Amino acid sequence: MNAIVLPRFASLASLTAVLSLALLTTACGERASTSSAQTSAPAAPAQASSPAASRYDTAKMDLKPAPAKVTSERHSGVYAEGSALSTTAALKPLDPSPVKTIRLDTTHKIIEIAPGVRFSAWTFGDQVPGPTVHARVGDRIKFSMTNRSDEPVPGPRMTAAPMMHSMDFHAAMVSPEDKYRSIAPGQTIEFEFTLNYPGVFMYHCGTPMTLEHIASGMYGAVVVEPREGYPTKVDREYVIIQSEFYVKPAPGNAKVEGVPLYVLDGDRLRNAQSTYTVFNGVHNGMMRNPLPVKAGERVRLYVLNVGPSKTSSFHVVGTIFDRVWMEGNPDNQFRGMQTVLLGSSNSAIVEFMIPEEGSYVMVDHHFANASQGAVGLLSTGAAGENATEHHNIAASPTPTDPDAAQAKLQFESKCLACHALVGGRGKKIGPDLAGVTKRRSDDWLRRWLKSPEDMLATDPDAKALLKEHNNLPMPNQNLSDKEINGLIKYFHWVDSNPATPAPAAAGQGKS
Ligand code: CU
Ligand code: CU
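My aim in this report is to walk through the structure given alongside it, one point at a time. (Residues numbered from 1 in each chain as written. Chains lettered and ligands numbered in written order. Predicted model: local features only at pLDDT ≥ 70, side-chain atom pairs only at ≥ 80, totals over all residues. Heavy atoms only, no water.)

### Thoughts on the coordination of the copper ion (ligand 2)
Working step 1: At the metal site, the copper ion (ligand 2) is ligated by H170 (NE2) and H204 (NE2), and these contacts range over 2.0 to 2.1 Å. You can see H170 sitting in the loop between β9 (168–169) and α4 (176–179) and its partner H204 sitting in strand β11 (residues 199–204), a full 34 residues away along the chain.
Working step 2: Judged by its relative accessible area of 9%, H204 falls in the buried class. (Donors = N, O, S within 2.8 Å, 3.2 Å for Na, K, Ca; no water. Helix = DSSP H or I, 4+ residues; strand = E, 2+ residues; numbered from the N terminus. Buried < 20%, exposed > 50% of the residue type's maximum accessible area, 1.4 Å probe, protein only.)

Below you can see the structure in the form of structure tokens.
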């Protein structure tokens with residue numbers, strides 16, 4: 001890129017212009033530590049001999065990896081192997097070896113994507129997301145994968161039938177028709193490649209329909225450090241992978257270990273109407289198990305949005321991103337950002353300080369996505385006990401009825417801010433809803449949930465309720481009939497399980 005290109009780029013949308021300017025700024029070897037990215041002065045062309053230019057010299061890159069090998073030899077034993085792999089959010093330190101041998105076998109497996117929601121998934125390395133690969137520019141990846149989707153799993157066969165799978169590493173520069181070819185159940189593919197660019201790269205199954213293979217769980221991240229390492233030092237490093245699930249109850253309302261089984265919903269998938277949007281594979285997973293941090297620490301998050309179809313507006317409540325490296329490459333630097341916008345398969349490294357004791361909520365600031373589970377915590381407390389009230393969701397049992405289970409999630413995201421469900425011990429702006437099915441008929445609840453404004457105009461019980469609660473009417477939640485029925489089922493379930501530890505609420509109050 002050079003200065004002549006600037007006017008054409010600058011005439012595009014403002015984001016593109018800012019990106020172009022940032023790239024120009026870094027092309028002259030300067031990290032944007034001042035306001036230089038906002039000036040309109042044309043940047044000098046990059047010097048061919050500068051370190052930044054030589055980093056991207058394609059003559060020095062490995063662009064001729066050997067052909068892939070496909071055999072009918074089958075791996076056995078563990079499904080993921082290699083010292084470069086991390087299986088949790090905590091990124092393991094870089095293995096200094098310049099050759100990284102990794103194995104990620106594909107499996108079909110039932111996973112839990114939300115409390116009480118078991119999903120028939122397809123995996124890399126027997127987990128969703130698949131393990132994170134940690135390496136550095138110049139490293140050679142020796143990859144192998146057996147398609148083990150045909151292996152029997154314990155108990156009755158609930159998983160999808162065996163099928164073809166493949167591996168597509170965005171971190172590689174290789175011929176897709178050779179390296180990324182689909183292999184049959186029982187086959188093994190092996191190939192090698194060299195990491196030419198630093199970044200946080202997606203990997204995924206590319207077998208058609210790719211949309212279904214990604215939505216079923218076949219994705220993960222490759223973190224490639226710059227050859228000379230990152231320019232900053234941090235105290236914590238975590239990998240955050242955002243993804244969507246599109247699910248419906250399995251045919252015949254099948255159950256696994258007494259819990260309803262869910263399968264891929266093709267209609268929702270093609271219309272991009274997700275049922276869950278999550279971090280690291282689990283609805284609200286890091287709310288229940290926050291990532292530990294300490295006040296004063298510098299944190300680096302490797303954030304990857306795998307989609308398959310949604311954009312993430314990643315934000316951490318209570319802090320500012322000191323540095324954002326788009327796609328995980330320090331040459332693509334922004335400073336002082338509040339959110340980072342990530343399309344499907346886009347990534348960023350974000351670094352920030354933890355200013356003081358507390359629980360810092362990671363959230364997709366597209367709040368429709370957050371309400372589907374794309375939230376998590378970085379907490380200086382043991383179990384996130386200081387969490388923001390809206391997100392203060394203690395682990396609690398889940399009804400087995402699919403409508404009621406869905407309603408529980410809806411209650412936690414929509415209702416919990418104003419209503420407790422703890423039986424006379426909760427004091428929030430609205431009534432505690434424990435025992436509500438004993439106080440009101442289903443018909444009354446249905447009419448109330450459908451149209452609180454109509455009820456307040458006509459129903460004496462509703463009028464009395466309003467008086468009790470400081471004349472603050474409940475806003476109409478615009479619930480569908482199906483959602484209302486689910487909530488009523490959920491309230492019945494809570495009331496018939498009085499020992500159930502319900503979602504957390506503070507203080508004392510009358511119901
Ligand atoms: Cu696949
Ligand atoms: Cu891809």
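### As for the coordination of the copper ion (ligand 1)
Working step 1: Coordination of the copper ion (ligand 1) by the protein is provided by H165 (ND1), C205 (SG), H213 (ND1) and M218 (SD), with metal-donor distances spanning 2.0 to 2.6 Å.
Working step 2: If you look at the copper ion (ligand 1), its four donor atoms make angles of 86 to 134° with each other, and the shape they trace is tetrahedral.
Working step 3: Spacing between the donor residues of the copper ion (ligand 1) along their common chain follows H-x39-C-x7-H-x4-M. Of this pair, H165 sits in the loop between β8 (140–146) and β9 while H213 is found in helix α5 (residues 210–215), placing the two residues 48 residues apart along the sequence.
Working step 4: Its relative accessible area of 0% is what places H165 among the buried residues.
Working step 5: Classification of H213 by relative accessible area gives buried; the value is 3%. (Tetrahedral: all angles 85-135°; square planar, octahedral: opposite > 155°, others 65-115°.)

### Considering the pairing of strand β10 (residues 188–194)
Working step 1: Of all the seven residues making up β10, five are buried; the element is thus mostly covered by neighbouring parts of the structure.
Working step 2: In the sheet, strand β1 (residues 69–71) pairs with β10 via three bridges, with the strands oriented antiparallel. If you follow V70 over to β10, its bridge partner there is I189.
Working step 3: Sheet topology places β8 next to β10; seven bridges connect them, and they run antiparallel. Paired with F143 across the two strands is F191, which belongs to β10. (Pairing = 2+ DSSP bridges.)

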